[in-house]
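Observations on the three-dimensional arrangement
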Amino acid sequence: MKPTVAPFPTARMRRLRQSDAIRRLVKENTLTTNDLIWPLFVRDGTNIEEEIPSMPGVLRRSIDKTIEAASKAHELNIPAVCLFPYTNPNLKTKDCSEAWNPDNLSNRATRAIKAEVPSLAIMTDVALDPYNIDGHDGFWDGDDVQNDRTLDALVKQALGQAQAGSDIIGPSDMMDGRIGAIRQALEENSFHNVTIMSYTAKYASAYFGPFRDAVGASGALKGNKKTYQMDSANTNEALRLIERDLLEGADMIMVKPGLPYLDICLRAKQTFGVPTFAYQVSGEYAMIQAAAQNQWIDGPKVMLESLLAFKRAGCDGILTYFAPSVADILKDT
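Residues numbered from 1 in each chain as written. Predicted model: local features only at pLDDT ≥ 70, side-chain atom pairs only at ≥ 80, totals over all residues. Heavy atoms only, no water.

Turning next to the overall build of the protein. Counting its secondary structure elements, the protein contains 11 helices and 12 strands. Counting only C-alpha atoms and orienting by the principal axes, one finds that the protein spans roughly 70 × 45 × 40 Å. A buried classification covers 53% of the 333 residues belonging to the protein. For the protein, the proportion of contacts with a sequence separation of at least 24, taken over those separated by at least 6, is 75%. Here the protein displays about 15,400 Å² of accessible surface, and carbon together with sulfur accounts for 50% of that area. For the protein, the centre of its 36 positive side-chain charges and the centre of its 42 negative side-chain charges are spaced 8 Å apart. (Helix = DSSP H or I, 4+ residues; strand = E, 2+ residues; numbered from the N terminus. Buried < 20%, exposed > 50% of the residue type's maximum accessible area, 1.4 Å probe, protein only. Contact = heavy atoms within 4.5 Å. Areas by Shrake-Rupley, 256 points an atom, 1.4 Å probe, with all protein chains shown as cover. Lys, Arg positive; Asp, Glu negative; His and termini not counted. Charge placed at Lys NZ, Arg CZ, Asp CG, Glu CD.)

Shown next as structure tokens:
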């Protein structure tokens, strides 16, 4: 129903903006720490915190330091962290077998965090690119990524993560059929309560560059990912993908990148009404940080404004590298 607005001066829209108290009373969307998932990059070693030049303020951490970060997240009331491994190049192979090694970096970090902060939810990434000498999310045959052959590997990877204690499995690979295959395997192996957040509308985006630096995948990639990640021109396709993933057993869906695809977030939420998340990706983060460091923008204000945009577009939560900074601000409001 279209709202009716009386003519001026009977209706003065500024009446509802006249003071902080009034603005707070009529605020339509609110950002809280409950909306945040903090992505963390894990690397081998001990007592290491390593700067990522293309992502100012973001670190690769050894497992002991990742535990400290996870404990900080818990103290700040951030409900979940998402782990991404920086895999030793010597462990990257054509067969990607390190992806389902029970003692790979991601699984060791998951167990270690669960031992120290058991109530913190841990999300893990399902895709072969951190372990693939060819840099792709699936098996590369020299011409394209092999969809069906990749599914078996993704299932083994997801089961290994569930066994390590992952609460949320995040398939980011964009292979057809992977949600159904993973859900079936989780059920057959009694992981009935493991949640799947599908990267269901993941676009072949130029915004991912700094992330590939962070996980050491930039130099490895052969070709591009356009045959499996989405075309940035498409919206209806995203809805078909979301519907399929929900029918195959996804509990939550994600749109990636975030701000450039708010229209997808809104359509997804309005169409399906399911828990909808967005990933404020590395390129988005890096641009805000770079502009703030050059004093072209007010960094904290733009950070908060950018995250509130996700809530306005219907998102239930956001994966963001700003999570601890935002939580620090919100705890004082």
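Read on, since the account is not over.
This part is about the packing of helix H5 (residues 178–188) against helix H7 (residues 236–248). With their axes 8 Å apart at the nearest point, H5 and H7 run at an angle of 15° to one another. Taken together, the axis directions place H5 and H7 in an arrangement best described as roughly parallel. As H5 runs across H7, the sense of the crossing is right-handed. Where H5 abuts H7, its residues Arg178, Ile179, Gly180 and Arg183 lie against Arg244, Asp245 and Glu248. Here the contact of H5 with H7 is built from residues that sort into 1 nonpolar, 1 polar and 5 charged. (Axes fitted to C-alpha atoms, helices over the stretch in contact; angles between N-to-C directions. Parallel < 35°, antiparallel > 145°, perpendicular 65-115°, else oblique. Left-handed = near helix turned anticlockwise from the far one by under 90°. Nonpolar A, V, L, I, M, F, W, Y, C, P; charged D, E, K, R; others polar.)

This part covers the pairing of strand S1 (residues 36–43). For S1, a buried count of 8 out of 8 residues is recorded, marking the element as mostly surrounded by other parts of the structure. Burial of S1 is two-sided: the residues Leu36, Trp38, Leu40 and Val42 facing one way and the residues Ile37, Pro39, Phe41 and Arg43 facing the other way are all buried. Bridge count between S1 and strand S12 (residues 317–320): 2 bridges; the pairing is parallel. Note that in S12 the partner of Ile37 across the bridge is Leu319. When S1 meets strand S4 (residues 80–85), the two strands line up parallel, connected through 6 bridges. (Pairing = 2+ DSSP bridges.)

Inspection of the entire model under this criterion finds 2 cavities of 30 Å³ or more. Approximately 120 Å³ is the volume attributed to the largest cavity. Around the largest cavity, the lining is made up of 14 residues, and of these Asp129, Lys202, Phe211, Lys225 and Lys256 lie nearest the centre. At the level of elements, strand S9 (195–202) and helix H6 (209–214) are the ones that each hand at least two residues to the lining of the largest cavity. Of the residues in the lining of the largest cavity, the class split is 5 nonpolar, 2 polar and 7 charged. The wall of the second largest cavity is formed by Asp44, Pro85, Tyr86, Thr87, Asn88, Leu91, Glu98, Asn104, Leu105, Arg108 and Tyr131. Among the residues forming the lining of the second largest cavity, the class breakdown is 5 nonpolar, 3 polar and 3 charged. (1 Å grid on protein atoms, 1.4 Å probe; cavity = no way out; pocket = protein on both sides within 12 Å on 5 of 7 lines; lining within 4 Å. Points joined across faces, edges and corners; volume = space filled by probe spheres on them.)

Evaluation of the coordinates by the stated rule reveals 21 salt bridges. With its nearest N and O atoms 3.5 Å apart, the salt bridge here joins Arg24 to Asp20. Here Asp20 and Arg24 lie together in helix H1 (residues 20–25), a separation of 4 residues that amounts to about one turn. Among the ionic pairs, Asp44 bridges to Arg108, the shortest N-O distance being 3.0 Å. Taken together, the residues span a long stretch of sequence, with Asp44 in the loop between S1 and strand S2 (49–51) and Arg108 in helix H3 (residues 105–116) at a distance of 64 residues. Each member of the salt-bridge network shares a partner with another, and the members are Asp173, Asp176, Arg178, Arg244 and Asp245. (Salt bridge = Lys/Arg side-chain N within 4 Å of Asp/Glu carboxyl O.)

Counting residues in each nonpolar core, the largest one holds 98 residues, and the members touching the most others are Phe41, Met123, Met197, Tyr279 and Leu319. When residues in this core are grouped by element, the largest group, 7 residues, is from helix H4 (residues 147–164). The residues contacting Leu319, other than those within four sequence positions of it, are Ile37, Pro39, Cys82, Met123, Met197, Met254, Phe277, Ala278, Tyr279 and Gln280. In this structure, Leu239, Ile253, Ala268 and Val274 belong to the second largest nonpolar core, which totals 5 residues. (Core = buried A, V, L, I, M, F, W, Y, C linked by side-chain atoms within 4.5 Å.)

On to H3. Over its 12 residues, H3 runs 17 Å from end to end, which matches the ideal 16 Å to within 8%, given 1.5 Å per residue. Among all positions in H3, only Leu105, Ser106, Asn107, Ala109, Thr110, Ala112, Ile113 and Lys114 are buried. For H3, the N-terminal cap is Asn104; the gap from its side-chain oxygen to the backbone nitrogen of Ser106 is 3.3 Å. (Expected span 1.5 Å × (residues − 1). Polar contact = N/O pair within 3.5 Å; in protein donor to acceptor, adjacent residues only side chain to side chain.)

To continue, consider unusual backbone geometry. For the bond from Phe8 to Pro9, the omega torsion is 10°, close enough to zero to count as cis. Relative to the assigned elements, Pro9 resides in the segment before H1. Lys256 connects to Pro257 through a cis peptide bond whose omega is -5°. With respect to the helices and strands, Pro257 occurs in the loop between strand S10 (252–256) and helix H8 (262–272).

What follows deals with the packing of H7 against H8. Closest axis-to-axis distance for the H7/H8 pair is 10 Å, and the angle between their directions is 45°. Judged by the angle between their axes, H7 and H8 are oblique. Handedness of the H7/H8 crossing: right-handed. For the pair formed by H7 and H8, the contact residues are Asn236, Ala238, Leu239, Ile242, Glu243 and Leu246 on the first element and Ile264, Arg267, Ala268, Thr271 and Phe272 on the second. Tallied by class, the residues present in the contact of H7 with H8 amount to 7 nonpolar, 2 polar and 2 charged.

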